[in-house]
Amino acid sequence: MKQRLTEPYQGYFRQQNLQPDLEITQTGPKTPGGEYLRRAWQPVALSEEVGEHPLLVEIMGEELVLFKTTKGVYGLIEKHCAHRGASLEYGIATDKGIRCCYHSWLFAPDGRILETPNAPCGVTLDNFFHGAYPVEEYKGIVFAYMGPPDTKPDFPVLDTYNDYHGEESQMVPYSLHYPCNWLQIAENTQDPIHSCFLHTSVSGTQFDDSWGVIPTIDWVATPYGMMNVNLRRWEDNIWLRTTETILPNYNQAGAFWERPDEEKAFQRVAMTRFFRPINDTETQVMGWRFFNDVVDPQHKGDPGAVGKEKMDAIGQLDDRDYLSQQKEPGDFEAITSQGRINIHDRETLLVSDRGVSMMRKLVRKGVQAVRDGEEFVSLPRHFSGVIPTFTQDSVARRPALEGVDDDKLIREYGLRYAQIVIESAKSSPDERRDYLQEKLNELDIQSVE
Ligand code: FES
Ligand SMILES: [Fe+2]
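Residues numbered from 1 in each chain as written. Chains lettered and ligands numbered in written order. Predicted model: local features only at pLDDT ≥ 70, side-chain atom pairs only at ≥ 80, totals over all residues.

Draft legend 1. The arrangement of the sheet that holds strand E3 (residues 62–68) in detail. Taken in spatial order, the four strands of this open sheet run E2-E3-E4-E9, and their pairing is antiparallel. Each of the sheet's edge strands pairs with one partner strand only, and the pair in question is strand E2 (55–59) and strand E9 (132–133). Inspection of the sheet shows E2 paired to E3 by five bridges, in the antiparallel sense. Considered in E3, the bridge of Val57 is made with Leu64. (Pairing = 2+ DSSP bridges. Helix = DSSP H or I, 4+ residues; strand = E, 2+ residues; numbered from the N terminus.)

Draft legend 2. Here's a closer look at the sheet that holds strand E5 (residues 92–93). What the four strands build is an open sheet, ordered E5-E6-E7-E8; its pairing is antiparallel. Two strands close off the open sheet at either side, each with one partner strand: E5 and strand E8 (113–115). Where strand E6 (residues 98–99) lies against strand E7 (residues 106–107), two bridges are found, and the strand directions are antiparallel. If you follow Arg99 over to E7, its bridge partner there is Leu106.

Draft legend 3. Region of the structure containing the environment of Phe128. Structurally, Phe128 can be placed in the loop between E8 and E9. For Phe128, a count of 11 C-beta atoms within 10 Å puts it in the exposed group. A C-alpha to C-alpha distance of 60 Å links Phe128 and Ser201, two positions 73 residues apart in sequence. (Buried ≥ 20, exposed ≤ 12 C-beta atoms within 10 Å, placed from the backbone.)

Draft legend 4. Quick look at the pairing of strand E16 (residues 250–253). As paired strands, strand E15 (residues 237–246) and E16 are joined by three bridges and run antiparallel to one another. Following the sheet pairing, Glu244 is matched in E16 by Gln252. Hairpin geometry of E15 and E16 is characterised by an intervening segment of three residues between the two adjacent antiparallel strands. Pairing of E16 with strand E18 (residues 271–279) involves four bridges; the strand directions are antiparallel. Note that in E18 the partner of Tyr250 across the bridge is Phe274.

Draft legend 5. Highlighting the domain arrangement of the protein. Here the protein is described as being made up of domain 1 (46–147) and domain 2 (159–442). Computed over C-alpha atoms only, the centres of domain 1 and domain 2 are separated by 36 Å. Residues that form the side of domain 1 that touches domain 2 fall into these classes: four nonpolar, two polar and three charged. (Domains from an automatic or database assignment. Nonpolar A, V, L, I, M, F, W, Y, C, P; charged D, E, K, R; others polar.)

Draft legend 6. Representation of the nonpolar core. Among the nonpolar cores identified, the biggest contains 98 residues, and Val44, Leu66, Leu76, Val142, Ala144, Ile185 and Phe290 are the most heavily contacted of them. Each of domain 1 (46–147) and domain 2 (159–442) accounts for three or more of the residues forming this core. (Core = buried A, V, L, I, M, F, W, Y, C linked by C-beta atoms within 7 Å.)

Draft legend 7. Focus on helix H9 (residues 432–442). Every buried residue belonging to H9 is among Arg432, Arg433, Leu436 and Leu440, and all of these are buried. All buried residues of H9 project into a common sector of 95° when viewed along the axis, lining one side. Of the residues in H9, the exposed ones pointing more than 90 degrees away from the buried face are Asp434, Glu438, Asn441 and Glu442. Turning to H9, the residues buried within the fold contact strand E17 (264–267), strand E20 (392–397) and helix H8 (406–423). (Arc of directions from axis to C-beta. Contact = placed C-beta atoms within 7 Å.)

Structural data, given as structure tokens:
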């Protein structure tokens, strides 16, 4: 229960035994929260982490071994050998699968037991499998689906993976360890006002001065989750940024160093990421950074500084000494210092935290739906082509109007444009930007109630 102190110097009365909200923070097998996360593809490891030897991984509280056969086929299987439990991290990859070090049982990537050389002749294990999960490698990341086989979705290819406005682009995979629950990292993306403080006025400018302008923010539902509509007046321009959460635990974010000086429509992402639980109190943040002349025209980003425990922005991982972290904290320090699992009963949420509350509601609804045997609603389970998504930046020249409340005007632009961005998912990927530019030009609001 939430407790509010109402007198000065009342530290003594602070309730000490507050508990985390387990329903939406648990990740383990057969927990409601863990079942919910198991309805989507989750990243396992960077492809570069799997070489000649198997890789031991922990995902959502399950210990697993990721390996690659000598023919290049990936397998993700239970850690403990089905024979007598030796860890398959000490196994040897063959052309057909992985061979246990102890008595040489051979397992195929799908869990089939191919050989049991220690068994007397005549023993077969044809109807007996070791636990395994389906795996897909995509652009330097190995993903797995760990949910019930009959609800397995197609591997989701988002429209942003191939949309560079005709520019050359690089998608650089990365993986960062966070010693905290996944939900608080995901919530940070729906708390955009922190960019004015943490990333600008408190720690100094970590990205661009434009981030310091306090935005007008709204949050709206999308077909796969939600997005914040983050609006700023920049001289005669309005900068309309949308940042989406794709349930259960995906996010896409726009340009790091955005300057809203030039008019534009539907500029896409600098980052697609997955807040993949290791267990309830640790998370591997994985995804891709996008590098091209559109999202980073001045080449402030550095693809060479992105990868395994590497990111080309300050405060994104545990890579600094304590004094530097204290002098200039970033997202990593703010998020992980909330605790291993942030205690919601300790918080005091304000109007600007509506996105955080909305995300928790959506996650809870999803957890309960899965628990009750209903369908998990997010990305389409089957699709052809690419899946249209909603993170974008647009800049429109709209000088402030005399006698009109500018904040209200900006909010109105933002909300109407956000709906147009959602509707535009019907357009083909090739036509969507032109369609949105046209709609943005037409959108001309002269007064607000
Ligand atoms: S424990 Fe793996 S083959 Fe015996
Ligand atoms: Fe941030």
